[in-house]
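Results of the structural survey
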Amino acid sequence: MMNKIKEYIKEKLNKLNKTEGTTDNNVRFFRLKRFLLDIKGQPQLHTKLFLYSVSIIISVFIWAFVAWNGNTDGTRSMSVQIQYNNLPRGYSMFNKTRTVQLKLAGRINALSRLEPNDVTAQVDLQGLQIGKYSLPIKIDAPSHVRIRSWDPLTAEVEIYRHVERTIPITWKVDGEPPEGMVIASVDIKPAEAILSGPETDVLTVQAVNAVIPADKLKTSGQLRVPLKIFGVDEGRSDRFTLVPLYVNASVSLERETVGEMVPVKVSVIGEPADGFQIDSVTVVPDHVTISGRPTAVQKMQSLVLPPVDITGLDQDLQLMLPLRPGDIDPDLEITGPDRAKVEIRIRKKMAVKNYYNVGIMIEGNTPGKEWKISPESVNITIEGTQLALESLQGGNVPCELYIDVSNIVSRKVELPVLVKGLRKDFQVVKIEPEQVTVTALD
């Protein structure tokens, strides 16, 4: 059909080129323009070009309608919520994988009508115990849709025992109170919160604090403040459910009158394991600032932390203790960190033992030569761990004493008493006398 249109136009142009009487380009352009206008000026239904064009357009539309009838294949991507089924009774679940990305194939009409609810992604938790699992995701779709792929292939799941715990609510000021003012008292309502979540995580929670923003402490009054779980990593806070999330805090302010640095002390109770003793007890910080009413500050000579039980301890111990003892005067405010680091160092218990009249050997002697030692024995003091000393049987000395006469040419000489074979658990504290007189015999 296109060839017939080209031939028709070519025929008209040839007639114009053969027009007699001129070869001027302007005339030829004028005739071409006239030809084109003549085509457009004719009744549209009578021109061959118009009829050819209409035929082409109708053919294209008919082909498109027949070709694209919705029955051709296509693809579609879809995000589907994962369903977790058959969770064992008494357990809860934490899942990082919430949705799965699907790539589906099928007829275009079928894919366009597909809803997310028509496709299911399921993970079976039947019979699982406490622990972390990587479980397969089962995809179900209508029969007229094919599943090409899904991502991820597995779901990361953690099964845990769900528990609840009632915790008293304490308070904490975020920032500094107004200048020259201290918090006299804080009344929290409700006074307790219910924390629920994984058993291992819930039991590690140290406190639930009502966080009071200091910038709202203009005067005494009541504030609605949020609760914050203390002692848990931020990344694990979404595992918990806390009720309530907000509490009412009635805050009473008063003017600060005096501040003083006081030492921080901690006591220990109990005894270490047998053969061990306390080497040192340190507290960081070792001083804090106490502010409040003068009479209350004067009574506070030191800040005493709760005692630490070291019964049966056989190694160093580090722990964090709250710097706000429950028995502190409510009229006092402690400036500094909320917690103190306590480090208790343990060492083996040491003891000494004296040995008397311990004989001395001679080493390095030349054959045929004899020596006289005066005195022939000495006293020695040995130090070691209590357990090691108690393990010695009878009066056995854990080392040998000797003098070295190698290369001695003098007839009479003072030589030091030397030690050999000393066991690693001991050390020689003293030898009396340290030197003996050695005389060569004729």
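A few points on the structure. Note that the coordinates shown come from a computational prediction; the quantities given were computed from them, not determined experimentally.

For the rest of this paragraph, the subject is the packing of aromatic side chains. Enumeration according to the criterion identifies zero aromatic pairs in this entry. Over the ring of Tyr-402 we find Lys-420, and its NZ or CZ is 5.6 Å from the ring centre.

If you trace the three strands from one edge of the open sheet to the other, you get β17-β23-β21, paired in antiparallel fashion. The open sheet has two edge strands, β17 (276–284) and β21 (317–322), and neither has a second partner. On average, adjacent strands in this sheet sit at an angle of 25° to one another, irrespective of strand direction.

Let's shift gears to the pattern of salt bridges. The tally for this structure, following the rule as stated, stands at eight salt bridges. Between Asp-279 and Arg-347 there is a salt bridge, and its shortest N-O distance comes to 3.2 Å. One end of the pair, Asp-279, is in strand β17; the other, Arg-347, is in strand β23 (residues 339–348), with 68 residues separating them in the sequence. Relative accessible area serves as the criterion here: at 44%, Asp-279 is assigned to the partly exposed category. Among the salt bridges present, the one from Arg-345 reaches Glu-343, with a minimum N-O distance of 3.0 Å. By relative accessible area, which is 37% here, Arg-345 ends up partly exposed. Since its relative accessible area comes to 16%, Glu-343 is described here as buried. Taken together, the salt bridges that share partners define one network made up of Asp-316, Glu-343 and Arg-345.

Glancing now at the sheet that holds strand β25 (residues 361–363). With respect to topology, three strands assemble into an open sheet ordered β25-β28-β30, the strand pairing being mixed. The sheet is open, and its two borders are formed by β25 and β30 (418–420), each paired with just one other strand. Strand-to-strand twist in this sheet, taken as the mean axis angle between neighbours without regard to direction, amounts to 45°. Relative to β30, strand β28 (residues 400–404) is paired through three bridges, and the arrangement is antiparallel.

Within the largest apolar cluster, 28 residues are counted, with the highest numbers of intra-cluster contacts made by Leu-195, Ile-212, Leu-217, Leu-227 and Val-251. Elements represented by at least two residues in this core include exactly β8 (154–174), β9 (181–189), β10 (192–198), β11 (207–213), β12 (221–230) and β14 (246–255). Sequence-distant contacts of Leu-217, defined by excluding residues within four places in its chain, comprise Val-173, Pro-178, Ile-183, Ile-212, Leu-223, Val-251 and Leu-253. Counting 24 residues, the second-largest nonpolar core is a separate cluster that includes Val-264, Met-300, Leu-313 and Ile-344.

Let us look at the side chain of Glu-158. Assignment of secondary structure puts Glu-158 in strand β8. Those residues within four positions of Glu-158 in sequence are excluded, and the remaining contacts are Ser-92, Met-93, Phe-94, Gly-131, Lys-132 and Arg-239.

On to the side chain of Asn-95, then. Among the secondary structure elements, Asn-95 is positioned in strand β2 (residues 91–95). Owing to a relative accessible area of 10%, Asn-95 belongs among the buried residues under this scheme. Residue contacts for Asn-95: discarding those within four places in its chain leaves Tyr-84 and Glu-156.

Criteria and thresholds
Residues numbered from 1 in each chain as written. Predicted model: local features only at pLDDT ≥ 70, side-chain atom pairs only at ≥ 80, totals over all residues. Heavy atoms only, no water. Phe/Tyr/Trp six-rings, centres within 6.5 Å; stacked < 30°, edge-to-face > 60°. Lys NZ or Arg CZ within 6 Å of the ring centre and 35° of its normal. Pairing = 2+ DSSP bridges. Helix = DSSP H or I, 4+ residues; strand = E, 2+ residues; numbered from the N terminus. Axes fitted to C-alpha atoms, helices over the stretch in contact; angles between N-to-C directions. Salt bridge = Lys/Arg side-chain N within 4 Å of Asp/Glu carboxyl O. Buried < 20%, exposed > 50% of the residue type's maximum accessible area, 1.4 Å probe, protein only. Core = buried A, V, L, I, M, F, W, Y, C linked by side-chain atoms within 4.5 Å. Contact = heavy atoms within 4.5 Å.

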